[in-house]
Amino acid sequence: MSLAQLLDGLPPVAVHTLDSDVSAAELTADAARVGELLTTAGLRTGQVVAAMLPNDAVTIAALFGTWNAGGVYTPLNPRAADTEVASQLAVLRPVGVITTPELAGRFTSFDLPVLTGTGRQWDLAATGSPPEDPRQYDADVALLQFTSGPTGAPKPVPLRHATVLDLIDRLLAKLRGAKADTGKPKSPPMPNLVPLSLSLWAGIYQVLFAFRAGSGVVLMDRFSPTDFAVLVKRHQLRSTVLPPAALTMVLYDEAVTDLAPLKIVRSITAPLSPVQAARFRDKFGVLVLNSYGQTELGGEVVGWSAADAREWGQTKLGSVGRPLPGIDVSIAENEVMVRTPTTAARKIDPAFLDRLTDDGWFHTGDLGWFDDDGFLWLDGRVSDMINRGGLKVFPGTVEDVLMSADGVREAAVVGVPDERLGEVPWAFVARVDDTVTEQALTTWCRERLTPYRVPVRIVFVDQLPRNDVGKVVKRELAALAGTGE
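First things first, this report covers the structure right here in the doc. Keep in mind it's a predicted model, so treat the numbers as computed, not measured.

Quick notes on the rules
For every chain, the first residue of the written sequence is number 1, and numbering continues from 1 onward in sequence order. Given that this is a predicted model, residues contribute local features only at a pLDDT of at least 70 and side-chain atom pairs are listed and counted only at 80 or more, while totals for whole chains, interfaces and linings are drawn from all residues. Remark: hydrogens and water are excluded; side-chain values derive from all non-hydrogen atoms of the structure. Computed over the protein atoms alone on a 1 Å grid, cavities are sets of points where a 1.4 Å probe fits but cannot get out and pockets are open sets with protein on both sides within 12 Å along at least five of seven lines; a residue lines them when it has an atom within 4 Å of a point. Grid points are joined across faces, edges and corners, and a volume is the space filled by probe spheres set on the points. Each helix is a run of DSSP H or I of at least 4 residues and each strand a run of E of at least 2, with the numbering of both proceeding from the N terminus. By the convention used here, strands pair only if DSSP detects at least 2 bridges between them. Contacts were defined at the residue level, with two residues in contact if any of their heavy atoms lie within 4.5 Å. Only the stretch in contact is used when a helix axis is fitted, and all axes are lines through C-alpha atoms; the angle between N-to-C directions ranges over 0 to 180 degrees. Looking down the strands as they point away from you, a crossover is right-handed if its path from the first strand over the helix to the second goes clockwise. For every residue, the accessible area (1.4 Å probe, protein chains only) is compared with the maximum for its type, and the residue is labelled buried under 20%, exposed over 50%, or partly exposed between those bounds. We define a nonpolar core as any set of buried Ala, Val, Leu, Ile, Met, Phe, Trp, Tyr and Cys residues linked to one another through side-chain atoms lying within 4.5 Å. By definition, a salt bridge exists where a carboxyl oxygen of Asp or Glu is found within 4 Å of a side-chain nitrogen of Lys or Arg. Note on terminology: angles under 35 degrees are roughly parallel, angles over 145 are roughly antiparallel, angles of 65 to 115 are roughly perpendicular, and the others are oblique. Only Asp, Glu, Lys and Arg are considered charged, only Ala, Val, Leu, Ile, Met, Phe, Trp, Tyr, Cys and Pro nonpolar, and every remaining residue, Gly among them, polar. Working rule for handedness: look at the near helix, and if it is turned counterclockwise from the far one by less than a right angle, call the crossing left-handed; if clockwise, right-handed.

Below, the discussion takes up empty space enclosed by the protein. Per the counting criterion, the structure on display carries two cavities of 30 Å³ or more. In this structure, the largest cavity spans a volume of roughly 50 Å³. The wall of the largest cavity is formed by Leu38, Ala41, Gly42, Leu43, Val95, Gly96, Val97, Pro113, Val114, Leu115 and Leu124. Considered as a void within the structure, the second largest cavity measures approximately 40 Å³ in volume. Looking at the second largest cavity, the residues that line it are Thr59, Ile60, Leu63, Tyr73, Leu198, Ile204 and Val207. Broken down by element, the residue count for the lining of the second largest cavity peaks at three residues, all from helix α2 (residues 57–68).

Here is the structure:
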């Protein structure tokens, strides 16, 4: 089975937005039209199609249309600079581009077939020539997602139909648990609200997850806390997903006072402080559960079951849960190691083979530990760990203490070079108001941390720098510390 077959069995309305709905029949027809035009343009199985599109049903039609034609879909971010787009196209060597009429002008200099779509209308706007040496993959590769490693330029990570389906099915099995068959007709599943850009794998994954579960999706053109609250109420959502940055926006938006009937939020894309999870629960009566996965692995590998949430949800706020069925997770020298059926078979892109052991364990680069009940807790990146004169400082531990202080909105801890100790921890804090002082937070930390973990400086910022998936970009904070400003 391929991901293209997920269009089968959708509910009557496949895509909801604030202003319109698209039926499953319309979406299927649009995807078929896209596939036909791509084939006409010269696409062959395993070749790459690049797409720069907004967050609406057009993007989903382009995604499935590419798969209908046997292509490999690659999303491009509309916010990317022209130089970045040119660099990515040079790496991808796609046989065509899918975009909107408004954005088509960004691709005129590349002499590629350009397919444009808006609403129900699709056209080949430009009929250039595919490259003589297009990038080629086997038929199981579904999508390429650019990701940045610790060093070097962003690399396109290939994600496979079989791998993604396997991980989605494992997650669905864990979330649903063992439910007895009562013989009563099952109510249709709720639509899945996707508060992420579809130029990101995390956003696309949430669409695929919903379709695999037999539900539609609710798309947001851009994230707004008030729009989020409106959509939750309109669709009577009892559960949804939110990245930490969006969750924080909702938490501190004074216009959002009620999220009923929402009961559970699954935090995705980046670690969420248990302090923020508790604040969200206390304000809205909504339980927040973390999860864990990586683009390189194809999706989520650690999460919560419904039974775990009932038994442990309140007492283990901040944990990312327990490994999905059939997924192995271990800790080696404080680093989280993961083995999936794909990594065990060594079906991983050659660019990441240096992170794979001979027996199939993948180095995630994340720091973590298991508690006595088998729940995984994350503590930052291996590259972020601070060596203060030979003593290890885990940033996540310090950040959680800072977050627990009144008046702290967000916090991040980074290592800054020090002549005597090698490096020392600095904290960057976004506060609710300016009554919070560096002296008060330093005292707070000294009362709750061993001395070598206490930040030597606490710097106040308006907000923490984040990338497109909501992760804090700590190298920007380290650079800020280096300027002395």
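Where strands meet in a sheet, backbone hydrogen bonds hold them as pairs that are either parallel or antiparallel. Strand order in this open sheet of three strands is β15-β16-β17, and the pairing throughout is antiparallel. Among the strands making up the open sheet, the edge pair consists of β15 (292–294) and β17 (322–323). Relative to β17, strand β16 (residues 299–303) runs antiparallel, the two sharing two bridges. When the sheet's bridge partners are listed, Val302 is paired in β17 with Pro323. Across the face of the sheet, helix α4 (residues 161–176) comes into contact with β16 and β17 while running at roughly 30 degrees to β16.

Attention now moves to the pairing of strand β26 (residues 457–460). Across four bridges, the pairing between strand β25 (residues 422–431) and β26 is parallel. When the bridges of β26 are listed, Phe428 appears paired with Val459. Handedness of the β-α-β unit built from β25, helix α12 (residues 438–446) and β26 comes out right-handed.

All right, on to the environment of Val164 then. Here Val164 lies in helix α4. Overall, the relative accessible area of 1% leaves Val164 in the buried class. Separated by 83 residues in the primary sequence, Val164 and Ala81 place their C-alpha atoms 30 Å from one another. With residues near it in sequence (within four places) discarded, Val164 still touches Leu3, Leu159, Trp201, Leu208 and Gly298.

Right, let's get into the nonpolar core. Leu27, Ile60, Phe64, Ile98, Leu208 and Phe211 are the most contacted members of the largest nonpolar core, which totals 73 residues. The element best represented in this core is helix α5 (residues 201–212), accounting for nine residues. The contact partners of Leu27, leaving out residues within four places of it in the chain, are Leu7, Leu10, Ala14, Val15, Val22, Ala57, Ile60, Ala61 and Phe211.

Across the sheet, four strands lie side by side as β18-β19-β20-β21; this open sheet has antiparallel pairing. Two strands lie at the open edges of the sheet, namely β18 (328–332) and β21 (376–381), each paired on one side alone. Strand-to-strand twist in this sheet, taken as the mean axis angle between neighbours without regard to direction, amounts to 50 degrees. Taken together, the four bridges between strand β20 (residues 362–370) and β21 define a ladder with antiparallel strand orientation. Among the inter-strand pairings, Phe370 is bridged to a residue of β21, identified as Leu376.

What follows covers unusual backbone geometry. The peptide bond linking Ala260 to Pro261 adopts the cis configuration, its omega dihedral lying at 10 degrees. Mapped onto the elements, Pro261 comes out in the loop between α7 (244–251) and β13 (264–267). One non-glycine residue, Asp111, lies in the positive phi region at around 50 degrees. Locating Asp111 in the fold gives a position in the loop between β5 (96–99) and β6 (113–118). The backbone of Glu333 sits at a positive phi, close to 50 degrees, despite the residue not being glycine.

For the rest of this paragraph, the subject is the side chain of Asp30. Here Asp30 shows up in helix α1 (residues 24–40). Every residue in contact with Asp30, bar those within four places of it in the chain, is listed here: Ala61, Gly119, Arg120 and Trp122.

Here the focus is the environment of Trp426. Of note, Trp426 is situated in strand β25. The spatial distance from the C-alpha of Trp426 to the C-alpha of Val416 is 6.6 Å, given a sequence separation of 10 residues. Contacts of Trp426, omitting those with residues within four sequence positions, involve Ala412, Val413, Val414, Val416, Pro455, Val456, Arg457, Val459 and Ala481.

Here we take up the pattern of salt bridges. The final tally for this structure, using the stated rule, is 20 salt bridges. Of the charged contacts in the structure, one is a salt bridge between Arg79 and Asp468, with a shortest N-O distance of 2.6 Å. In this pair, Arg79 is assigned in the loop between β4 (72–75) and α3 (82–92) and Asp468 in the loop between β26 and α13 (474–483), connecting sequence segments 389 residues apart. In this structure Arg79 comes out as exposed when scored by relative accessible area, which is 68%. Its salt-bridge partner being Arg170, residue Asp166 comes within 2.8 Å of it at the nearest N-O pair.

Another point: the packing of α2 against α5. Packed helices, taken two at a time, are described by their axes: the angle between them and the distance between them. Running from N to C, α2 and α5 cross one another at 75 degrees; their axes reach a closest spacing of 12 Å. Accordingly, the angle class assigned to the pair α2 and α5 is roughly perpendicular. Side by side, α2 and α5 meet where Ile60, Leu63, Phe64 and Trp67 of the first sit next to Ile204, Val207, Leu208 and Phe211 of the second. By residue class, the composition of the contact of α2 with α5 is eight nonpolar, no polar and no charged.

Look at α1 against α2: their axes get within 7 Å of each other, and the N-to-C directions meet at 50 degrees. On the basis of the axis angle, α1 is oblique to α2. As α1 runs across α2, the sense of the crossing is right-handed. Each of Leu27, Asp30, Ala31, Ala32, Val34, Gly35 and Leu38 in α1 lies in contact with α2, whose residues at this interface are Ala57, Ile60, Ala61, Ala62, Phe64, Gly65, Thr66 and Asn68.

What is shown is where atoms sit, not what they do.
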